[in-house]
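Each chain, written out:
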Number of protein chains: 2
Amino acid sequence: MVISENIPPVEPDTSPKLSQLALNLITVGTDHHFEQVLDACVAHGIRIVSPWRSHYAEIGVNQAAALLRERSLSVSTVCRMSEFGAADSETAWQSAITEAHQVIGEAATLRAASITVIGGGLPIGGGSLTEARNRIERGLEQVLPSARAAGVNLAIEALHPMVAAERGGINTIAQAVAMAKGLGEGAGVMIDAYNTWWDPALSDSIADAKGWISGYQMSDWLVPTTDMAFDRGMPGEGVIDLPAIRSMVQEAGFQGPYEVEVLSARWSAQPLDTVLEAVTASFLKN
Amino acid sequence: MVISENIPPVEPDTSPKLSQLALNLITVGTDHHFEQVLDACVAHGIRIVSPWRSHYAEIGVNQAAALLRERSLSVSTVCRMSEFGAADSETAWQSAITEAHQVIGEAATLRAASITVIGGGLPIGGGSLTEARNRIERGLEQVLPSARAAGVNLAIEALHPMVAAERGGINTIAQAVAMAKGLGEGAGVMIDAYNTWWDPALSDSIADAKGWISGYQMSDWLVPTTDMAFDRGMPGEGVIDLPAIRSMVQEAGFQGPYEVEVLSARWSAQPLDTVLEAVTASFLKN
């Protein structure tokens, strides 16, 4: 509440600090050179990043780790573990397990705190969502010992129900929390505001996630939304009450870093500096 | 389970009968004359329809009722009550209440069993989803006595979370059931398979809806889905396990009619007979 226009409102202690910002690199797309992106992050005061595997595929994970180290940048999460759900054949299952071990190895090399687990959707051609969900759980159970040994958390993310069939069969925070608690140590939940803001049980589910929150991702829901994957808004551009969700996450004991992750064809087409300026400015307000 | 390829599986008693089919008229779009659509329904053995208000806007509800009566067609639901959520000004609120009373009057004239309540989304320009949800509940509370007096059930429908901001702030069956139970007699829930198939709590929520289910709507989720409103599939075209959801609804005591409601630019562009043939054939298998 603004008492007077001359007296600025008192910032609550929980307001975000730039030091808590992590940039999920998908926000700038996948066309820039990795090194160039890291330099731009440093220039904009961003000290933590979250790469997708495609960001370092060309240079390799060792080179990526070296470039990060040279700049004293840390890695919050690596995106992502994604193949269990659709793996309804023995071949596909082995490939999903192989992918999972590869991501764990890469995350360890990058000294990432966690891996975002979206789990995967239905097999090509369809299939049961319940079975896909069971495969995600079994897959995580199988690779969790490796993740524990590598010191990397498996952060289970509830994806938006609109991408359940195609990308991820975990679709509510309650479901992710139940799965993480069932798996035990080494598992956690990634709370993505864009994917879960609509959930009538949001507040209860986040409270119930206390002690299990591995990460928090922010972007905004645009009205209208014209694409089911790449039309997210920068925090503040849309209709999600992001400060309220951040407060829930904080009250559940999570202290950051908070990732800005904006999958947007519109934003990723902008110059790097323009995007990073928008990221830092919107982060501090949301 | 098929015991032998030569012995056809025994059909369960719960398999759908054509007499249980209701056609939600949005499936054929809004370009045909009302009378022409009704004649086509009769020709295809469809005895129950569910019109949207736009279907009879031009001829008026009395004429629509007469045309239905002449053909001995009944009406399952009228679609829809939709303005409370966004009504964040006194003017908008009065307009929402007026709309609601109008729909109740029309449903009574059409002798519809119920009105589909989607409730509405956020105000233009944004706003709180929690407040929109509260407005939906308050609005229904206010008009429920009229609905009871008219003998029309208010069937609260959980819309897909992808349209929460734009059209409907009720997004899980659990939320709809809680609202219906809170409102009491005269309220119920409309279970739309397309909007809720992804819900990890689907089976529990439908069981919990026992005694409160006012309707069941079927269409299918396509992979990929290219439009957030008009790219649904005919039952069987997509990935939803519709027979499983129908069983849940039946086990919760609902005996039909079951509405086929396919919002699809592709299907509504087809000739009437083509669409109705697909509707009846797919209904009997799902």
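Residues numbered from 1 in each chain as written. Chains lettered and ligands numbered in written order. Predicted model: local features only at pLDDT ≥ 70, side-chain atom pairs only at ≥ 80, totals over all residues. Heavy atoms only, no water.

## Considering the overall build of chain A
Then, in step 1: When its secondary structure is counted, chain A shows 11 helices and 9 strands.
Then, in step 2: For a compact globule of 286 residues, the expected C-alpha radius of gyration is about 19 Å, and chain A comes in at 18 Å, within 12% of that figure.
Then, in step 3: If you line up chain A on its principal axes, its C-alpha atoms span 65 × 45 × 35 Å.
Then, in step 4: Excluding contacts between residues fewer than 6 apart, the proportion of contacts in chain A whose partners are at least 24 apart in sequence is 79%. (Helix = DSSP H or I, 4+ residues; strand = E, 2+ residues; numbered from the N terminus. Rg over C-alpha atoms; globule rule 2.2 N^0.38 Å. Contact = heavy atoms within 4.5 Å.)

## Brief notes about the interface of chain B and chain A
Then, in step 1: If you look at the interface, chain B gives 24 residues, while chain A gives 24 residues.
Then, in step 2: Of the roughly 1900 Å² buried where chain B meets chain A, counting both sides, 75% is carbon and sulfur surface.
Then, in step 3: Broken down residue by residue, the surface that chain B buries against chain A is led by B:W198, B:P200 and B:M228, which jointly contribute 25%.
Then, in step 4: Where chain B touches chain A, the interface holds 2 residue pairs in polar contact (both at pLDDT 80 or more).
Then, in step 5: Tallied by class, residues from the side of chain B that touches chain A come to 14 nonpolar, 7 polar and 3 charged. (Buried area = accessible area lost by both parts, 1.4 Å probe. Polar contact = N/O pair within 3.5 Å; in protein donor to acceptor, adjacent residues only side chain to side chain. Nonpolar A, V, L, I, M, F, W, Y, C, P; charged D, E, K, R; others polar.)

## What about the relation of the copies chain B and chain A?
Then, in step 1: With an RMSD of 0.0 Å, the fit of chain B onto chain A corresponds to turning through 180° and sliding 0.0 Å along the axis. In symmetry terms, the pair is related by a two-fold rotation axis. Closest approach to the rotation axis within chain B is made by the C-alpha atom of B:M162, at a distance of 3.1 Å.
Then, in step 2: Both copies present the same face, since 100% of the interface residues in chain B are matched by interface residues at the equivalent positions in chain A. (Least-squares fit on C-alpha atoms with pLDDT ≥ 70 in both.)

## A closer look at helix α3 (residues 61–70) of chain A
Quick reminder: α-helices carry 3.6 residues per turn. Residues three or four places apart thus point the same way.
Then, in step 1: A:V61, A:A64, A:A65, A:A66, A:L67 and A:L68 are the residues of α3(A) that are buried.
Then, in step 2: The elements touched by buried residues of α3(A) are α1 (34–43), β2 (48–50), α2 (53–56), β3 (74–75) and α4 (90–109) of chain A. (Buried < 20%, exposed > 50% of the residue type's maximum accessible area, 1.4 Å probe, protein only.)

## Considerations on unusual backbone geometry
Then, in step 1: Look at the link from A:C79 to A:R80: it is a cis peptide, with omega at 5°.
Then, in step 2: As for its placement among the helices and strands, A:R80 is situated in strand β4 (residues 77–81).
Then, in step 3: You will see that A:R111, though not glycine, has its phi angle at about 55°, which is positive.
Then, in step 4: Overall, A:R111 belongs to the exposed group, its relative accessible area being 69%.
Then, in step 5: The phi angle at B:S72 is positive, at roughly 55°, despite the residue not being glycine.
Then, in step 6: Assignment of secondary structure puts B:S72 in the loop between α3 (61–70) and β3 (74–75).

## Structural notes on the side chain of B:E259
All names here are of chain B.
Then, in step 1: Among the secondary structure elements, E259 is positioned in strand β9 (residues 258–260).
Then, in step 2: Within the buried core, E259 has no salt-bridge partner, and the shortest N-O distance to an opposite charge, that of R232, equals 8.8 Å.
Then, in step 3: Within the structure, E259 has its side chain in polar contact with the side chain of N24 (distance 3.1 Å).
Then, in step 4: When residues no more than four places from it in sequence are discounted, the contact partners of E259 are A22, N24, S50, S76, T77, M190, Y216, Q217 and M218. (Lys, Arg positive; Asp, Glu negative; His and termini not counted. Salt bridge = Lys/Arg side-chain N within 4 Å of Asp/Glu carboxyl O.)

## Side note on the pattern of salt bridges
A side chain with one charge may pair with a side chain of the opposite charge, provided their charged atoms come close.
Then, in step 1: Under the counting rule described, the total for this entry stands at 16 salt bridges over all chains.
Then, in step 2: Residue B:D208 pairs with B:K181 through a salt bridge whose shortest N-O separation is 3.3 Å. Of this pair, B:D208 sits in helix α8 (residues 202–208) while B:K181 sits in helix α6 (residues 173–183), and the two are 27 residues apart along the sequence.
Then, in step 3: A residue is classified by how much of its surface remains accessible, and B:D208, at 45% relative accessible area, is partly exposed.
Then, in step 4: In the salt-bridge network here, residues are joined through shared partners; they are A:E35, A:D39, A:E70 and A:R71.

## Examining the pairing of strand β6 (residues 153–157) of chain B
All names here are of chain B.
Then, in step 1: Across the 5 residues that make up β6, a large majority, 4, are buried.
Then, in step 2: Direction of pairing for strand β5 (residues 114–117) relative to β6: parallel, over a ladder of 4 bridges. Considered in β6, the bridge of V117 is made with I156.
Then, in step 3: Running through helix α5 (residues 129–150), the crossover from β5 to the neighbouring parallel element β6 is right-handed. (Pairing = 2+ DSSP bridges. Right-handed = clockwise from strand over helix to strand, strands pointing away.)

## Considering the sheet that holds strand β1 (residues 21–24) of chain B
All names here are of chain B.
Then, in step 1: The sheet built from 9 strands is open, its strands ordered β3-β2-β1-β9-β8-β7-β6-β5-β4 with parallel pairing. For this open sheet the edge positions go to β3 and β4 (77–81), each flanked by a neighbour on one side alone.
Then, in step 2: With respect to the sheet, helix α9 (residues 242–251) is in contact with β7 (187–192), β8 (213–218) and β9, its orientation differing from that of β8 by roughly 170°. (Axes fitted to C-alpha atoms, helices over the stretch in contact; angles between N-to-C directions.)

## Description of the environment of B:S114
Residues and elements named next belong to chain B.
Then, in step 1: Summarising the element assignment, S114 is placed in strand β5.
Then, in step 2: The class of S114 is buried, set by a relative accessible area of 1%.
Then, in step 3: For the pair S114 and L144, spaced 30 residues apart in sequence, the C-alpha to C-alpha distance is 12 Å.

## Some details on helix α6 (residues 173–183) of chain A
Residues and elements named next belong to chain A.
Then, in step 1: For α6, every residue scored as buried is listed here: I173, Q175, A176, V177, M179, A180 and L183.
Then, in step 2: Considering only its buried residues, α6 is in contact with α5 (129–150), β6 (153–157), β7 (187–192), α7 (193–196) and α8 (202–208).
Then, in step 3: Looking one or two residues past α6, G184 carries a phi angle of roughly 85°, positive in sign.

## Things to note about the environment of B:E261
All names here are of chain B.
Then, in step 1: Mapped onto the elements, E261 comes out in the loop between β9 and α10 (265–268).
Then, in step 2: Here the alpha-carbon distance between E261 and R138, two residues 123 residues apart in the chain, equals 28 Å.
Then, in step 3: Once residues lying within four places of it in the same chain are set aside, the contact partners of E261 are N24, I26, T27, W52, C79, D192, Q217, M218, S219 and R232.

## Digging into the pairing of β1(B)
All names here are of chain B.
Then, in step 1: By the alternation rule, side chains of β1 split into L21 and L23 and A22 and N24, which are all buried.
Then, in step 2: Direction of pairing for β1 relative to β9: parallel, over a ladder of 3 bridges. What sits directly across from L23, in β9, is V260.
Then, in step 3: As judged from the 3 bridges shared by β1 and strand β2 (residues 48–50), these two strands associate in the parallel manner.

## What about the packing of aromatic side chains?
Residues and elements named next belong to chain A.
Then, in step 1: The full count for this structure, using the stated rule, is 13 aromatic pairs over all chains.
Then, in step 2: Taken together, the ring pairs in this structure connect Y216, F254, Y258 and F283 into an aromatic cluster.
Then, in step 3: Stacked on the ring of W93, the Lys or Arg R138 has its end atom at 4.9 Å from the ring centre. (Phe/Tyr/Trp six-rings, centres within 6.5 Å; stacked < 30°, edge-to-face > 60°. Lys NZ or Arg CZ within 6 Å of the ring centre and 35° of its normal.)

## Concerning the packing of α5(B) against α6(B)
Residue and element names in this part refer to chain B.
Then, in step 1: Where α5 contacts α6, the axes come no closer than 10 Å and their chain directions differ by 45°. It follows from the interaxial angle that α5 and α6 lie oblique. As for how α5 packs across α6, the hand of that crossing is right-handed. On the side of α5, the interface is formed by R133, I136, E137, L140, E141, L144 and R148, while α6 contributes Q175, M179 and L183.
Then, in step 2: Taken together, the residues of the contact of α5 with α6 break down into 5 nonpolar, 1 polar and 4 charged. (Parallel < 35°, antiparallel > 145°, perpendicular 65-115°, else oblique. Left-handed = near helix turned anticlockwise from the far one by under 90°.)

The quantities given are spatial measurements derived from coordinates; they are silent on function.
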